[in-house]
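So you can see what is in the structure, the chains are spelled out below.
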Amino acid sequence: MNAGAKEFNEAARRNTADLRQRDRIQKALAGYYLKREDYQNRFPDWAGARDLAAEIKREAINHLDRYLDEFASRLEARGTKVFWAPDGQAARDYIVGVARQHKVRSIIKSKSMTAEEIHLNDALEQAGFEVVESDLGEFIVQLRREPPYHIVFPAMHLTRQQISDLFHDRLGSEPTNNPEDLTMIARRIMRRKYCEADLGISGANFAIAETGMISITENEGNARLTTSLPKIHVALVGIEKVLPKLSDLALFLPMLATAGAGQPITCYNTLYGGPRQPGESDGPEEFHVVLLDNRRTELLADAEQRDALHCIRCGACLNVCPVFKNIGGHSYGTTYQGPIGSVITPHLRGLQDWKHLSQASSLCGACSQTCPVKIDLHHHLLHNRRYAVRLRPAPVENCLQAGLAFVMCRPRLYALAARLARIAQPLSRLVEGTVLDPLRAWTKTRSLPPMAVKSFHQLWQERKKS
Amino acid sequence: MKITLFIPCFVDQFYPQVGMGIVQVLERLGHSVDYPEAQTCCGQPAFNAGYWDEARAVAERQMTIFRDAEAVVIASGSCGAMVQVYYPELFRHHPREKEARTLAAKTFEFSDFLVSQLRVVDVGARFPARATFHDGCHALRELGLKKPPRQLLQHVRGLELVEMPEAETCCGFGGTFAVKFPMISTAMGEVKCSSIADTGAEYVISNDSSCLMQIRGILDRQGRSTKTLHLAEVLAQT
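Residues numbered from 1 in each chain as written. Chains lettered and ligands numbered in written order. Predicted model: local features only at pLDDT ≥ 70, side-chain atom pairs only at ≥ 80, totals over all residues.

Enquirer: Which parts of the structure should I look at to understand the packing of helix α1 (residues 3-16) of chain A against helix α11 (residues 182-198) of chain B?
Expert: To describe two helices that pack against each other, one gives the angle between their axes and the distance between the axes. Packing of α1 of chain A against α11 of chain B brings their axes to within 9 Å, and their N-to-C directions diverge by 30°. The angle between the axes of α1 of chain A and α11 of chain B places the two elements in the roughly parallel class. In the packing of α1 of chain A onto α11 of chain B, the handedness of the crossing is left-handed. Contacts from Ala12, Arg13 and Thr16 of chain A of α1 of chain A reach α11 of chain B at Met183, Ile184 and Ala187 of chain B. A breakdown of the residues in the contact of α1 of chain A with α11 of chain B according to their chemical character gives four nonpolar, one polar and one charged. (Axes fitted to C-alpha atoms, helices over the stretch in contact; angles between N-to-C directions. Helix = DSSP H or I, 4+ residues; strand = E, 2+ residues; numbered from the N terminus. Parallel < 35°, antiparallel > 145°, perpendicular 65-115°, else oblique. Left-handed = near helix turned anticlockwise from the far one by under 90°. Contact = placed C-beta atoms within 7 Å. Nonpolar A, V, L, I, M, F, W, Y, C, P; charged D, E, K, R; others polar.)

Laid out in structure tokens, this is it:
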């Protein structure tokens, strides 16, 4: 077992033993389920909407080269600087370069999982820049120096009390359990930061090829301030975020809000098409769009799994995933948690190191059923398992699987093996649950049924004779 | 109709009464049942673990055995999904692809077969008890069988069916997942079992014995008295 798999197992063991956290996540999501269902039902045809969304993303991803060119050239025509970053290093270097070149003093940043993916904050801080997260949840986890727990709800694992304690310790505020008071504490700090910051960094929810614009959807208004008050705006955009037409947003904005947060539409939806134009009174003087590949094109080259690039990062697959709900977001050790993370992380960061995530699933399929853009998530986990076996089969499991197949291809050997197992059964009962028990992975927490006295084969034969 | 039974390996060895229940119900409805004795396993353990060559070898055997069957009734939603959904995928661009598709098309999970093929919802069963139904994920999502088992249970005399809030949530079994990640599997099972217990049902019924093995295993350790039964065992009661 590699180090990543070991760490995952330990974290999963620790977090599944934390009953209070498991309970908190279940409760936090209970409200989401009701609201999501309600707003999903307000779509004239949710199933049809999913079909259409999947079709639009398929078109965008299958012709990504064309749409990205269109997107970039329209942005450039309005004076935006577009940088094509082949990997995280290139993107970090470029953004740090922009900050250095302008000698910025303070950076404000709105929520971006793509920035988490390339550890942008670490790079900026190492280069001597202060970065403040302006999304409330992100601000909280930044203060705790931990990664987001969930791609949409970064601080969902924390109680109000914990947040109050955190603010008290780190910001010196008075303890309070009132969510509005807690928000006001963060808001007072952020307002000052918005005014001080000379560089604003954002992600993007969608990149519209037709008009050369990025779309950002949010509930707090922080992204608007982050992108419009500082004199420079840098948007980091994964290349898969492209949508062909502006009108596609009419479907994708309500769909993202519904699937992601159980909302009809998010409070603020903004399009950004360039820096301040001549005659305009506000907006950034410079606008940079960094288009990030970071091995997305490798996924694109895989015809079987390409649809994983359809993902709009709504987090719905996490919300319905029984594995996520029981182990929590931090167990994964990835930027993207839950089913989508388990599907794409092996592609983005190496199969050998991350294949355990594809194995850590009961393949229940709740993710695929809920995905608004119809990514066949649990089938991709199956495919990843097959790739992993091809890449480097595990010796013990290899023998077991080969042996099992050998037996199952020989009915008489199968019957003999079953008979031997019945004889050996009382022995295994003697050691049940102890370290000597070969089945202790099961019996440690679960009772094991005895084998039937007679198999169906035997019962059938007796029946035939009588 | 001539019906051929596919009794998956773990039902054969651990839950033969489920297979016998299916035989009883089908015969009660006036059908003759055949059971080719050379059958073993559908190949799902290898397939799910990524060992597709091994899975194909096992699947090919079953394809040969069931070649001449008119209709195949399978005693598990999970193994049913393996044959119906995954055999065609496993044999894509393989010389036996057509055969895999043919077997997939004539294979039915037990409750699906009764309702969609025999068009029966009342099999004349009687089982006076309060029970809740657990949807096996494969039957529910791969095969889309939310309704058939419930339609059948609603016609069982004396049976009071109460839905649990987490009916569609996975029990955490997931084949080798249950032993590769026992802590996650058990946690998922605990959520399921609390949901079952909250209904106050005496029985939890499912169309998948593998889920029931997981549920039973955890209920036992929790010291709960709720009993587990396969749908076929309930429908066989008169």
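Next comes the rest of the account.
Enquirer: So what exactly am I meant to see when it comes to the interface of chain A and chain B here?
Expert: Accessible area lost during the coming together of the parts is what is often quoted as the interface size. Facing 48 residues of chain A, the contacting portion of chain B comprises 51 residues. Residue assignment for the side of chain A that touches chain B shows that the elements contributing at least two residues are α1, α15 (322-327), α18 (366-370), α19 (377-391), α20 (395-408), α21 (411-430), α22 (440-443) and α23 (456-465) of chain A. No other element matches α20 of chain A, which puts six residues into the side of chain A that touches chain B. Looking at the side of chain A that touches chain B residue by residue, the classes come out as 28 nonpolar, 12 polar and eight charged.

Enquirer: Where do I start with the environment of tyrosine 149 of chain A in this structure?
Expert: Residues and elements named next belong to chain A. Considering the arrangement of structural elements, one finds tyrosine 149 in the loop between α8 (136-143) and α9 (160-171). Residues tyrosine 149 and isoleucine 232, spaced 83 residues apart in sequence, show a C-alpha to C-alpha distance of 29 Å. Apart from the residues lying within four places of it in its own chain, the contact partners of tyrosine 149 are Pro154, Ala155, Met156, His157, Gly328, Gly329 and His330.

Enquirer: For this particular structure, what's the right way to read the sheet that holds strand β6 (residues 157-161) of chain B?
Expert: Strands pair in a sheet through their backbones, by hydrogen bonds, and they do so in one of two ways: parallel or antiparallel. All names here are of chain B. The four strands lie next to each other as β6-β5-β7-β8, forming an open sheet whose pairing is parallel. Each of the sheet's edge strands pairs with one partner strand only, and the pair in question is β6 and β8 (227-230). The average undirected angle you get between the axes of adjacent strands in this sheet is 40°. The pairing of strand β5 (residues 126-134) with strand β7 (residues 203-206) spans four bridges and is parallel. Pairing of alanine 131 across the sheet is with tyrosine 203, part of β7. (Pairing = 2+ DSSP bridges.)

Enquirer: I'm lost on the sheet that holds strand β3 (residues 71-74) of chain B in this one. Help?
Expert: All names here are of chain B. An order of β2-β1-β3-β4 is seen for the four strands of this open sheet, with the pairing classed as parallel. Two strands in the sheet have a free side with no partner beyond their single neighbour: β2 (32-34) and β4 (107-109). When strand polarity is set aside, the average angle formed by the axes of neighbouring strands in this sheet is 35°. Across four bridges, strand β1 (residues 2-6) lies against β3 in parallel orientation. Looking across to β3, one finds that leucine 5 is bridged to valine 73.

Enquirer: Where do I start with α8 of chain A in this structure?
Expert: In an α-helix, one turn spans 3.6 residues, which is why side chains three or four residues apart end up on the same side. All names here are of chain A. Most of α8 sits out of view: six of its eight residues are buried. Of the residues making up α8, those classed as buried are Leu136, Gly137, Glu138, Phe139, Ile140 and Gln142. Just downstream of α8, arginine 145 is the residue with a positive phi angle, here 55°. (Buried ≥ 20, exposed ≤ 12 C-beta atoms within 10 Å, placed from the backbone.)

So, to be careful, I would describe these as geometric facts and stop short of saying anything about function.
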